[in-house]
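# Residue-level structural notes
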Protein chains: 2
Amino acid sequence: MSETAHYGRLLGLGLGPGDPELITLKALRLLKATRHVATFAKAGRQGHAERIITPHLEASHNIVRLEYPVTTEIDVNAKAYKIALRDFYEQSCAQLAALMRAGQDVALVCEGDPLFYGSFMHLFTRLRAEFVCEIVPGIAGMSGAWSAAQMPMTWGDDIMTIIPGTLNADAIVARLQQADAAVLMKIGRNFAKVRQAIIDAGRFDDAIYVERGTMAGEIIQPLAQYSGETPPYFSLILIPGNGRRP
Amino acid sequence: MSETAHYGRLLGLGLGPGDPELITLKALRLLKATRHVATFAKAGRQGHAERIITPHLEASHNIVRLEYPVTTEIDVNAKAYKIALRDFYEQSCAQLAALMRAGQDVALVCEGDPLFYGSFMHLFTRLRAEFVCEIVPGIAGMSGAWSAAQMPMTWGDDIMTIIPGTLNADAIVARLQQADAAVLMKIGRNFAKVRQAIIDAGRFDDAIYVERGTMAGEIIQPLAQYSGETPPYFSLILIPGNGRRP
């Protein structure tokens, strides 16, 4: 029997968009059954993932906080940002790998869906060759947002395009002009640019702003009525499709 | 007090991609608490939604099967198809509205996510003016598929485009050429066209075919190795993004 046969597994558990009740039965079962629970976190602050899992934890659980390096002062395109994040992911992998080599399963819990813009992917791609992995999908933040807004998004032949607000304005306008339905992600400090791109693409009147969808303090407004200037990073803008409907 | 204050509510409950354990705590709570449970179905055949909810039902539940008209012999673009479906949606609405006007809540359960290419939307848009609605998101089929395939889909600035296979070949090629990540939905009898469009767009080597993702009989294969000719309607093809990663 090979050495790795004794290794623990890496479980990637999607927790959903924020409402603690939007966790799945499967993620909850695996969370309860796994002693070592790892979570990405900011130093000194409880994140959504921790808030969602805390009511389900018992004294026997060991929480492994993977704390992001402080990067808010560094441009995301700067080399220093990439190096800081790369080092963080590699250190996180080393920490989880030590547990798994000692035969322990590790559940890494993830806001939203693990494989959709998730930090989980950076550890998974580094660890998958050595460890058996299981991934449990979660409801994506955008799905929580359009449900909270009660907005049907895609009908019939509609194409949906999911556009990060980190792209440049011309790219956002071009994609919006071709989209039926669209979701603009990662708004935050890109808000003014994204808002103008939506106007330039002629989709301003349809757009809905959603902040903290499915969570306490949820804000849902037509974009035209939203007066904030720097929404939280995880805010979204939704533009519904209008396709074939009998 | 207005008459409608006594009306029941319409609950749209997403059930997720097929694995019965991928239902959320919230959808399960509301399912158990609601006597009248409606489900879209094919005549004489148990669908995924019914299979998922059956273990949770009690004798007191009243199942309302909304049976699609037989339309497989009619082209989806034909007027007869539109009329048959429109009549079906209107009759379904009348059936649920009668219960709600009598003060009863109705839970309409939906495979995947209710507001993402969901039949639920056709009832919801007709009923929302008269009845209070609550919508619980579900994990979309595509999310179940990429989790089952263990395929990270979107990184950093990646744009994801979701493309119905019902579109014409040129449209599919054009959208694929601009996509980072892509999901091709509604494959079924569009398979040969979609496969050729993926080749023409230069994305064939990356594409993964997923049939019955998260369910019994799941098939996950590189598209280049898949030898079937007419996959089931709900099969998907996934093309991962390859964006910024530290």
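Residues numbered from 1 in each chain as written. Chains lettered and ligands numbered in written order. Predicted model: local features only at pLDDT ≥ 70, side-chain atom pairs only at ≥ 80, totals over all residues. Heavy atoms only, no water.

## Examining the sheet that holds strand β9 (residues 219-222) of chain B
Strand order in the open sheet formed by 10 strands is β9(A)-β8(A)-β10(A)-β7(A)-β6(A)-β6(B)-β7(B)-β10(B)-β8(B)-β9(B), with mixed pairing between adjacent strands. Unpaired on one side and paired on the other, β9 (219-222) of chain A together with β9 of chain B mark the two borders of the sheet. With direction set aside, neighbouring strand axes in the sheet form an average angle of 15°. Direction of pairing for strand β8 (residues 208-211) of chain A relative to strand β10 (residues 236-239) of chain A: antiparallel, over a ladder of 3 bridges. Along β10 of chain A, the bridge assignment pairs Val210 of chain A with Leu236 of chain A. Across the sheet, helix α5 (residues 141-148) of chain A is in contact with β6 (160-164), β7 (181-185), β8, β9 and β10 of chain A; its angle to β10 of chain A comes to roughly 60°. (Pairing = 2+ DSSP bridges. Helix = DSSP H or I, 4+ residues; strand = E, 2+ residues; numbered from the N terminus. Axes fitted to C-alpha atoms, helices over the stretch in contact; angles between N-to-C directions. Contact = heavy atoms within 4.5 Å.)

## Quick word on the packing of helix α3 (residues 79-101) of chain B against helix α4 (residues 120-127) of chain B
What describes two packed helices is the angle between their axes and the distance between those same axes. All names here are of chain B. Direction vectors running N to C along α3 and α4 enclose 60°, while the axes themselves pass 10 Å from each other. Classified by the interaxial angle, the pair formed by α3 and α4 is oblique. Considering only the axes of α3 and α4, their crossing is right-handed. Facing Arg86, Tyr89, Glu90, Ser92, Cys93, Leu96, Ala97 and Met100 of α3, the residues of α4 in contact are His122, Leu123, Arg126 and Leu127. Residue composition of the contact of α3 with α4, grouped by class: 7 nonpolar, 2 polar and 3 charged. (Parallel < 35°, antiparallel > 145°, perpendicular 65-115°, else oblique. Left-handed = near helix turned anticlockwise from the far one by under 90°. Nonpolar A, V, L, I, M, F, W, Y, C, P; charged D, E, K, R; others polar.)

## Quick word on the relation of the copies chain A and chain B
With an RMSD of 0.0 Å, the fit of chain A onto chain B corresponds to turning through 180° and sliding 0.0 Å along the axis. Taken together, the rotation and translation relating the two chain copies correspond to the operation of a two-fold axis. Looking at chain A, 100% of its interface residues are interface residues in chain B too, so the copies touch through the same face. (Least-squares fit on C-alpha atoms with pLDDT ≥ 70 in both.)

## Re the pattern of salt bridges
In the structure shown here, the tally under the stated rule is 22 salt bridges over all chains. Note that Asp206 of chain A is salt-bridged to Arg203 of chain A, the shortest N-O span being 3.7 Å. The class of Asp206 of chain A is partly exposed, set by a relative accessible area of 36%. One salt bridge in this structure joins Arg86 of chain B and Asp87 of chain B, with 3.6 Å as the shortest N-O distance. (Salt bridge = Lys/Arg side-chain N within 4 Å of Asp/Glu carboxyl O. Buried < 20%, exposed > 50% of the residue type's maximum accessible area, 1.4 Å probe, protein only.)

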